[in-house]
Amino acid sequence: VDRVFEVIRDVHQYKEFLPWCDRVEDREPPYDEGIHRFSVHYKFDEIGGVDLSRLFGAYEVVDYELTANYPDNIVSVAKDTAFCELISYSWQFQPLVTPNNQQRCCVTLDFEIRFKSILHAPAWDLVSEAVIHQITKALLTRALSRPSSTDDVRERMASSSSSSSSSSSSSS
């Protein structure tokens, strides 16, 4: 759980797996009470053989609020973007132990997107499969190649949550 949780929580590495992500900027100091407000700068180009710059324009900046509830879930929400009323990612983490005691993690992602116009939905239909494939492949590659930082993750999340009151699946 620790390794995958950290991969998803580390917004500054989103360029490695989030399609069209050009860069990420903090809007406020990260992880204050488990909340991180940041902006993703998207540069639309081609995916799945479709040139998105012609459909959406070349560039958009989207403001997100990420809430990390270690070790259970991460929720990232953007509201009122140029094309969407809402973009929401809800990641759920469940530790698994194999019969030979190997640590594994089941990750479930609930993704919701509400377009401002019905006209944007066909564009999403053209690229959604390629987007989901790209995110899943890159996320698994990062999670499997990243050294485990269990103590570091637990320490950082414990310090943030001590002041807090607070679908697709894959295993790694």
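Scroll up a little and you will see the structure.
These figures come from a predicted structure and were not determined experimentally.

Q: Now, about the overall build of the chain: what can you tell me, with residues and values included?
A: Regarding its fold elements, the chain presents four helices and nine strands. Put simply, the chain runs from its N terminus to its C terminus through helices and strands in the order α-β-β-β-β-α-β-β-β-β-α-α-β. Each of the 172 residues in the chain was classed as buried or not, and the buried ones make up 41%. Carbon together with sulfur atoms contributes 49% to the accessible area of the chain, which is approximately 9500 Å² in total.

Q: Account for helix α3 (residues 121–145), naming residues and giving values.
A: With 25 residues, α3 ought to run about 36 Å at 1.5 Å a step, and its terminal C-alpha atoms sit 35 Å apart, in line with that. Most pronounced at Val-127, the bend in α3 amounts to some 50 degrees. Three or more residues of α3 are buried, namely Ala-123, Trp-124, Val-127, Ser-128, Val-131, Ile-135, Ala-138, Leu-139, Arg-142 and Ala-143.

Q: Describe the packing of aromatic side chains, naming the residues involved and giving the relevant values.
A: The tally for this structure, following the rule as stated, stands at seven aromatic pairs. Between the aromatic rings of Tyr-14 and Phe-38, the centroid separation amounts to 6.0 Å while the plane-to-plane angle is 85 degrees, which identifies the pairing as edge-to-face. Of this pair, Tyr-14 sits in the loop between α1 (2–9) and β1 (21–26) while Phe-38 sits in strand β2 (residues 35–43), and the two are 24 residues apart along the sequence. The two residues Tyr-14 and Phe-38 agree in class, both being buried. Site record: aromatic cluster; members linked through ring pairs are Tyr-14, Phe-38, Tyr-64, Tyr-89, Phe-111 and Trp-124.

Q: Which residues make up the side chain of Glu-60, and what are the values?
A: Relative to the helices and strands, Glu-60 is located in strand β5 (residues 59–69). One buried charged residue, Glu-60, forms no salt bridge at all, with the nearest opposite charge on Lys-116 at 7.4 Å. Polar contacts involving the side chain of Glu-60 include one to the main-chain amide nitrogen of Ala-82, which spans 2.8 Å. When sequence neighbours within four positions are dropped, the list of residues in contact with Glu-60 reads Val-40, His-41, Tyr-42, Phe-44, Thr-81, Ala-82 and Phe-83.

Q: Which residues make up the packing of α1 against α3, and what are the values?
A: The contact between α1 and α3 brings their axes to 9 Å, and the two run at 125 degrees. Regarding the angle of α1 to α3, the classification is oblique. For the element pair α1 and α3, the recorded crossing hand is right-handed. Between α1 and α3, the residues in contact are Arg-3, Val-4, Val-7 and Ile-8 and Leu-139, Arg-142, Ala-143 and Leu-144, respectively. Split into classes, the residues belonging to the contact of α1 with α3 amount to six nonpolar, no polar and two charged.

Q: Any details on the nonpolar core? Residues and values, ideally.
A: Core analysis: the largest hydrophobic core is formed by 38 residues, its most contacted members being Ile-8, Tyr-14, Tyr-64, Trp-91 and Phe-93. The greatest single-element share of this core, amounting to seven residues, is contributed by α3. Those residues within four positions of Tyr-14 in sequence are excluded, and the remaining contacts are Val-7, Ile-8, Cys-21, Val-24, Phe-38 and Leu-66.

Q: Residues and numbers for the pattern of salt bridges, please.
A: When the charged atoms of two side chains lie near each other, side chains of opposite charge can form a pair. Applying the stated rule across the entire model yields seven salt bridges. One salt bridge in this structure joins Lys-116 and Asp-80, with 2.6 Å as the shortest N-O distance. Here Lys-116, found in the loop between β8 (103–115) and α3, pairs with Asp-80, found in the loop between β6 (73–79) and β7 (84–97); they are 36 residues apart in sequence, far enough to count as distant. Relative accessible area serves as the criterion here: at 40%, Lys-116 is assigned to the partly exposed category.

Q: Mind laying out the environment of Val-40, listing which residues take part and the relevant values?
A: Examined against the element boundaries, Val-40 turns out to sit in strand β2. Once the C-alpha coordinates of Val-40 and Asp-26 are considered, the two residues, 14 residues apart in sequence, prove to be 9.0 Å apart. Val-40 has contacts with Leu-18, Cys-21, Arg-23, Val-24, Glu-60, Val-61, Val-62 and Tyr-64, leaving out every residue within four places of it along the chain.

Rules behind the numbers
- Just so you know, the residues in each chain are numbered from 1, in the order the chain's sequence is written.
- Only residues with pLDDT of at least 70 get local features here, since the model is predicted, and only at 80 or more are side-chain atom pairs given and counted; chain-wide, interface and lining totals rely on the full set of residues.
- Neither water nor hydrogens contribute to the side-chain values; these are computed over all heavy atoms in the structure.
- Note on conventions: DSSP H or I runs of at least 4 residues are helices, E runs of at least 2 residues are strands, and numbering of each starts at the N terminus.
- When a residue's accessible area, from a 1.4 Å probe over protein chains only, is under 20% of the maximum for its type it is buried; when over 50% it is exposed; and in between it is partly exposed.
- Here, Shrake-Rupley sampling with a 1.4 Å probe gives the accessible areas, and only protein chains in the shown set may cover a residue.
- Here a helix's expected span is defined as the number of its residues, less one, multiplied by 1.5 Å.
- Bend at a residue means the angle formed by two fitted axes: the first through the 7 residues ending at that position, the second through the 7 residues beginning there.
- Aromatic contacts are taken between Phe, Tyr and Trp rings whose centres are within 6.5 Å, Trp giving its six-membered ring; a plane angle under 30 degrees counts as stacked, one over 60 as edge-to-face, and the others as tilted.
- Positive residues here are Lys and Arg, negative ones are Asp and Glu, while His and the chain termini are left out of the count.
- Criterion for a salt bridge: a side-chain nitrogen of Lys or Arg within 4 Å of a carboxyl oxygen of Asp or Glu.
- The definition of a polar contact used here is a pair of N or O atoms within 3.5 Å, where within protein one atom must be able to donate a hydrogen and the other to accept one, and adjacent residues in sequence count solely through side-chain atom pairs.
- A contact between two residues is defined here by any heavy atoms of the two lying within 4.5 Å.
- Only the stretch in contact is used when a helix axis is fitted, and all axes are lines through C-alpha atoms; the angle between N-to-C directions ranges over 0 to 180 degrees.
- Each angle gets one of four labels, with under 35 degrees taken as roughly parallel, over 145 as roughly antiparallel, 65 to 115 as roughly perpendicular, and the rest as oblique.
- The handedness criterion is simple: a crossing whose near helix is rotated anticlockwise from the far helix by less than a right angle is left-handed, and one whose near helix is rotated clockwise is right-handed.
- Polar here means any residue other than Ala, Val, Leu, Ile, Met, Phe, Trp, Tyr, Cys and Pro, which are nonpolar, and Asp, Glu, Lys and Arg, which are charged; Gly is therefore polar.
- Only buried residues count toward a nonpolar core, which is a set of Ala, Val, Leu, Ile, Met, Phe, Trp, Tyr and Cys residues joined through side-chain atoms within 4.5 Å.

Shape is all these values report; function is a separate question.
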